[in-house]
Every structure is written in structure tokens, then in C-alpha cells.
Amino acid sequence: KQWYQRRVRGLDIISNTVTKEEADGIRHHCISYVSPEERYNVIRYIEYTLPIIEDIFERGKTPIIVGGTAYYIEALLWEFTLYDCSKLSYAGQELSDSSLQILQSELLNDYEKLQQLDPVHAQSLHPNDSRKISRSLEIFKKYGICHSTLLNQQHLESNDIRGKLRWDGVLLFSIESEQQVLDKRLDLRVDKMVELGLCSELDMFSDKIQGLESGLLKQVIGFKEFHSYIRLKQSKTIDPVALENALCDGIEKMKIATRRYSRKQVRWIKNRLEQDHVMCRNYNFIRLDSTFPEQWEHVISIPVHRAVDQFFSGTLPKSDAISAPTRSPKTANHCQICDVTCIGDDSFSVHTKSRKHRRKKAYNQSKPIIALKIAKNKEPPS
């Protein structure tokens, strides 16, 4: 068995790189292969990972892809990324003069460019989502096709907006726990990272901070949260009290960011990876509960071994695909009252029911009445 993990070179503690003892003799791939000053995205992830996985298959082994970002795992399992655009028969069209003028315009921001080049997809994105906007523009610039056209074509070919599975069979385990238990574990994990030398690792990169702010470190939880601490370390006169406060503040911010990120991952797994289980017959999803570690053998280890044996023997039970939920396309909805943009009708519905929105709406509706009362209470001019 071969394990895959994405890790940042030189940031073993922040990125929680697997140790030699944890590897336990199992060959791991892609350890510390990304330089912190590099920009990193899902396309590079796919380009680097797929050849390794294919090599593992050719050697008669089974690759095991281990955690991290659920979005990256989904991109690896399904043919729906920019990496897959080059395979399309209609890719590589030359751009028109008008399209080139829009792309090169200095008067338009990226979202305004996308609105003109691909208004359908622009409507589904938040104006501030620079990463997704840039990716859509990159697709148009490199392959001469709209992102919305690509998604529609994939939907027609595979009846799924993401395309088709790259491999004939996938077995995915999601090891979860109750959120309160997970929050405590995440906090303890951060405390352990501090004990192992997190501050020393930050100090090592502090002299490079100017060149790294726009690179991979901008994406890594555990670095940007200590921005104030690093700035103080770089100053000519160091206030020990202020430095200690900045460190404590950074640790707390890291814990908050980690807990928030875990909730985002849980939602993605539930709404995307788990739903794929009923959408595709050769895709298997199994949720496991690790809330009580003393029960690991019975609730995790034994069920996993049994499922793996059934998966390879072709006897793993599979849910019917007819119960797959329908996913409506997401569109951007703007609330004029709060000046907030929400992606998707569900998100917009949650916003309009929020206390903040209702309070602002009530205030706006009461303004004419307040003005009328003030006018009535004014004394007539003498």
C-alpha cells in the first residue's frame, strides 16, 4: 500500500508532516515537495499526483490517499479540473480580438472581465472570490472556452456537473467525531505543535516574510495567524510583553482558524463526497465515528478491514443510485438592504432570516415614519 500526503517543505510542524515513526515503514509520497514561496493550487496538485498514482497501479499496488483538503481529494477523484481541459476536443480555440481586449483591459477588474467573457459562470461566483474568478479566466485564456461551457459539457457526458470518476472503483472512509470532541482535539493539536517548536519554525521563516506573503504561506493555517508576532520579531526594538501577547494571540487565532476549517471540511464531505455515494455505483463512501478512542478497534479498525476485504472481493454492499439528490446551479444573490452577496438560494434564504438582516430591514422601513414624526414635532417658524 502507498500513502500520499501533501506537505510544505521546511514547515514540518506547521504542516504536521508525518514522522518516520508514524510512517511505520510504509512508503509515503509527496512529503515536503512544495516550496513555501511557490503559489500552489489544485491544478498543480493534480499534475503532480496523478503520475505517482498511475505508477503505483502499474506496480500492482493500491494507492491510499490520506486527508487534507476535501476539495483537493474530490478534484483528484473526478475529471472536472482545469487539468482535464486539455483532453477536450473543442479546447484550444483562438481568442477573438474583442476577448483579448477584455482580458488585457486595465479598466476592468477580474470579476468585470469574467462578467463580459462568461456571464453565466460569473453569476455563480461571489465578486470577492478572487481564486475562483482567476481560475475561470485562466480556463478561458488557456483553452479558449468558457468555464460554464466546460461544466455543461461534463454534465452532458457523465450526467454529473463534475465529470466522471477517474478510476473504476473508489472506497472512501470519513473518520469523524462529535464537533465538541473534535474542537478539543484540534486545540490540543495546536498546543502540541507549540511544544514541538512552532515558534522556532516561524522564526526561521521570519527573514523571508516579505517574499512569502503572496506565496503558499498565505494559504497555510499556522503562519498568517502569527503575522503580528513575526513583524514584532523583525523590529529593531523588541518589547517582550508585546511579543508574548502577539504569540498568545497568534496561537488563539490558529485554534479558531483550525476549528473553522474543520467545520468547512465536514460540510464539504457531507454535501459533496458523501452525496457521490448515491450518485455513482462504483464509488463507495463509509462514515466512521471516532468520538470515543477507547472503542477504536471495534468502531474503526475492524469495520475498515472488513470493508476493504469486501471492496476487493466485489461483495461490498452498495446503496441504490436512484435516491441521488438534485443539485440546482448556484447563483449570486445580492441583498440591497445589507449590501451583501450570497452564493446560492439556500445561503440567501439563511441571510434574509438572520437577525442582522431583519434588524436593518426594520430600521429602513421605520426611517420615513421617524422623519414624519420629527417633522410633526417641529415648531412652526415665527
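Everything below is about the structure shown above.
Right, let's walk through the structure included here. (Residues numbered from 1 in each chain as written. Predicted model: local features only at pLDDT ≥ 70, side-chain atom pairs only at ≥ 80, totals over all residues. Heavy atoms only, no water.)

### Quick look at the overall build of the protein
Working step 1: In terms of regular secondary structure, the protein is built from 17 helices and 7 strands.
Working step 2: Relative to its full complement of 382 residues, the protein shows a buried share of 38%.
Working step 3: Of the contacts formed within the protein by residues at least 6 apart in sequence, a portion of 68% connects residues at least 24 apart.
Working step 4: As displayed, the protein offers around 23400 Å² of accessible surface, 52% of which is attributable to carbon and sulfur atoms. (Helix = DSSP H or I, 4+ residues; strand = E, 2+ residues; numbered from the N terminus. Buried < 20%, exposed > 50% of the residue type's maximum accessible area, 1.4 Å probe, protein only. Contact = heavy atoms within 4.5 Å. Areas by Shrake-Rupley, 256 points an atom, 1.4 Å probe, with all protein chains shown as cover.)

### Description of the packing of helix α12 (residues 227–234) against helix α13 (residues 240–273)
Working step 1: It is at 8 Å that the axes of α12 and α13 come closest, and there the two elements cross at 155°. Relative to α13, the element α12 is oriented roughly antiparallel. Both α12 and α13 take part in a crossing whose hand is left-handed. Between α12, through S228, Y229, L232 and K233, and α13, the contact on the second element is made entirely by A242, L243, A246 and L247. (Axes fitted to C-alpha atoms, helices over the stretch in contact; angles between N-to-C directions. Parallel < 35°, antiparallel > 145°, perpendicular 65-115°, else oblique. Left-handed = near helix turned anticlockwise from the far one by under 90°.)

### Observations regarding the pairing of strand β7 (residues 340–343)
Working step 1: Taken together, the 4 bridges between strand β6 (residues 332–335) and β7 define a ladder with antiparallel strand orientation. Looking across to β7, one finds that H334 is bridged to T341.
Working step 2: Between β6 and β7, which follow one another and run antiparallel, lie 4 residues, and D339 among them has a positive phi close to 55°. (Pairing = 2+ DSSP bridges.)

### Looking at the nonpolar core
Working step 1: Within the largest apolar cluster, 29 residues are counted, with the highest numbers of intra-cluster contacts made by L77 and Y283.
Working step 2: Mapped onto this core, the elements with two or more residues apiece are α2 (42–58), α3 (70–77), β4 (170–176), α13 and β5 (283–289).
Working step 3: The element that contributes the greatest number of residues to this core is α2, accounting for 8 residues.
Working step 4: By size, the runner-up hydrophobic cluster in this structure holds 19 residues, among which are I14, L202, F223 and F226. (Core = buried A, V, L, I, M, F, W, Y, C linked by side-chain atoms within 4.5 Å.)

### Points about the pattern of salt bridges
Working step 1: Enumeration according to the criterion identifies 8 salt bridges in this entry.
Working step 2: Across the pair E74 and R272 runs a salt bridge whose closest N-O atoms are separated by 3.1 Å. Within this pair, whereas E74 is found in helix α3, its partner R272 is found in helix α13, the two being separated by 198 residues in sequence.
Working step 3: Across the pair R287 and E176 runs a salt bridge whose closest N-O atoms are separated by 2.8 Å. Of this pair, R287 sits in strand β5 while E176 sits in strand β4, and the two are 111 residues apart along the sequence.
Working step 4: R287 gets classed as partly exposed once you look at its relative accessible area, which sits at 42%.
Working step 5: Connected through shared salt-bridge partners, E176, E274 and R287 make up one network. (Salt bridge = Lys/Arg side-chain N within 4 Å of Asp/Glu carboxyl O.)

### Structural notes on helix α4 (residues 97–104)
Working step 1: For α4, every residue scored as buried is listed here: S99, I102 and L103. Burial along α4 is one-sided: seen end-on, the buried residues are contained in an arc of 100°. Structural note: α4 exposes D97, Q101 and Q104 on the side pointing more than 90 degrees away from its buried face.
Working step 2: On its buried face, α4 sits against α5 (110–117) and α7 (130–143). (Arc of directions from axis to C-beta.)

### Here we look at the packing of aromatic side chains
Working step 1: In total, this model carries 6 aromatic pairs according to the counting rule given.
Working step 2: Taking the centre distance of 6.3 Å and the plane angle of 50° together, the rings of F57 and W167 count as tilted. Here F57 is found in helix α2, whereas its partner W167 is found in the loop between α8 (147–158) and β4, with 110 residues between them in sequence.
Working step 3: Measuring from ring centre to ring centre gives 5.6 Å for Y71 and W268, while their planes differ by 80°; the resulting arrangement is edge-to-face. In this pair, Y71 sits in helix α3 while W268 sits in helix α13, placing the two residues 197 residues apart along the sequence. (Phe/Tyr/Trp six-rings, centres within 6.5 Å; stacked < 30°, edge-to-face > 60°.)

### Structural notes on the environment of T291
Working step 1: Tracing the chain through its elements places T291 in the loop between β5 and α15 (296–313).
Working step 2: In this structure the C-alpha to C-alpha distance between T291 and E178, which are 113 residues apart in sequence, comes to 5.9 Å.
Working step 3: Contacts of T291, omitting those with residues within four sequence positions, involve E176, S177, E178, V181 and R185.
Working step 4: Among the polar contacts listed, one links the side chain of T291 to the backbone nitrogen of E178, at a separation of 3.0 Å. (Polar contact = N/O pair within 3.5 Å; in protein donor to acceptor, adjacent residues only side chain to side chain.)

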